[in-house]
Amino acid sequence: MNLVKCKNGHYYNADKLKSCPHCAGIQADISVKDITGKDQSGIDTFVPDNDMQNTYIQSNKRRLTGWLVCINGNMEGDCFTLYSGENHIGRDTSMDVILFKESTVSRCNHAIITYDDIYAHFSLQTDTSTVYINDKFVEPKHFVTLKSHDIIRLGDCELSFVAFCGKHFQWDYS
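Parameters at a glance
- Residues numbered from 1 in each chain as written.
- Predicted model: local features only at pLDDT ≥ 70, side-chain atom pairs only at ≥ 80, totals over all residues.
- Heavy atoms only, no water.
- Helix = DSSP H or I, 4+ residues; strand = E, 2+ residues; numbered from the N terminus.
- Buried < 20%, exposed > 50% of the residue type's maximum accessible area, 1.4 Å probe, protein only.
- Contact = heavy atoms within 4.5 Å.
- Areas by Shrake-Rupley, 256 points an atom, 1.4 Å probe, with all protein chains shown as cover.
- 1 Å grid on protein atoms, 1.4 Å probe; cavity = no way out; pocket = protein on both sides within 12 Å on 5 of 7 lines; lining within 4 Å.
- Points joined across faces, edges and corners; volume = space filled by probe spheres on them.
- Nonpolar A, V, L, I, M, F, W, Y, C, P; charged D, E, K, R; others polar.
- Pairing = 2+ DSSP bridges.
- Polar contact = N/O pair within 3.5 Å; in protein donor to acceptor, adjacent residues only side chain to side chain.
- Core = buried A, V, L, I, M, F, W, Y, C linked by side-chain atoms within 4.5 Å.

(A) Geometry of the overall build of the protein. Across its full length, the protein holds two helices and 13 strands. By the burial criterion, 29% of the 174 residues in the protein qualify as buried. Long-range pairs, those at least 24 residues apart, make up 37% of the contacts in the protein between residues at least 6 apart in sequence. As presented, the protein carries roughly 11,100 Å² of accessible surface, and 52% of it is formed by carbon and sulfur atoms.

Structure follows, in structure tokens:
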């Protein structure tokens, strides 16, 4: 993130914007309202502290590789982003994929989906929880290869796996 301060004192991300969006709104006489209807054009842009910026930078080191979409269960219609490396799935808020409304899913590490950047390969494993892929039981402590549109069942929750990365697209980490 490249935070830049314009001549009027507004902050904006110069990596995404060529000029200050606040000044552009003022010149166009656009009133920016929040959800309560209050005018926000006079309020300066929030500048995150160093800890927040470092967290943002760290999170961008793990690039998006795919998604899980809940197709059956209490979170039906919700989408979850998968990143390179391990993606831990459970109800706890410390998990990468948080299925907090799914009471039949283990709190921590019901399953782990891993994307290997070197081999462009997705796999799923579980240690002790019951997991099915396309109605086939996954043996605990075994790795199972995932393909796009596989159906993963964790308890009463069914998730459709959608790959973004693979043999057709890979992030360049150089």
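That covers the picture; the talk isn't over yet.
(B) Representation of the layout of surface pockets. Volume-wise, the largest pocket comes out at about 170 Å³. Residues of the lining of the largest pocket, tallied by class, amount to seven nonpolar, four polar and one charged.

(C) Seen up close, the sheet that holds strand E4 (residues 79–83). Read across the open sheet, the six strands follow the order E4-E3-E13-E12-E9-E10; overall the sheet is antiparallel. Looking along the sheet, the strands with just one partner apiece sit at the ends: E4 and strand E10 (136–137). In this sheet, E4 lies alongside strand E3 (residues 64–72) in antiparallel orientation, the contact comprising five bridges. Within the sheet, the bridge partner assigned to Trp67 lies in E4 and is Thr81.

(D) Quick peek at the side chain of Asp150. Positionally, Asp150 belongs in the loop between strand E11 (144–145) and strand E12 (151–154). Classification of Asp150 by relative accessible area gives buried; the value is 5%. Within the structure, the side chain of Asp150 is placed 2.8 Å from the side chain of Asn134, a separation counted as a polar contact. With sequence-adjacent residues up to four places away left out, Asp150 is seen in contact with Ile133, Asn134, Thr145, Leu159, Ser160 and Phe161.

(E) Highlighting the nonpolar core. Ranked by size, the top nonpolar core spans 24 residues in total, and within it Leu68, Leu99, Ile113, Leu124, Ile152, Leu154 and Leu159 carry the most contacts. Elements with a minimum of two residues in this core: E3, E4, strand E7 (111–116), strand E8 (121–125), strand E9 (131–133), E12 and strand E13 (157–163). Not counting the four nearest positions on each side in its chain, Leu99 is found in contact with Met75, Phe80, Ile89, Gly90, Arg91, Val105, Leu154, Cys157 and Leu159.

(F) Structural view of the pairing of E4. Burial along E4 is one-sided: Phe80 and Leu82 are buried, while Cys79, Thr81 and Tyr83, pointing the other way, are not. With antiparallel pairing between neighbouring strands as the criterion, E3 and E4 make up a hairpin whose turn holds six residues, including Gly73 at a positive phi of roughly 140°.

(G) Inspection of the environment of Cys70 at higher detail. Mapped onto the elements, Cys70 comes out in strand E3. Judged by relative accessible area, Cys70 falls into the buried class, the value being 1%. Expressed as a C-alpha distance, the spacing of Cys70 and Leu99, which sit 29 residues apart in the sequence, is 9.3 Å. Contacts of Cys70, omitting those with residues within four sequence positions, involve Met75, Glu76, Gly77, Asp78, Phe80, Glu102, Cys157, Glu158 and Leu159.

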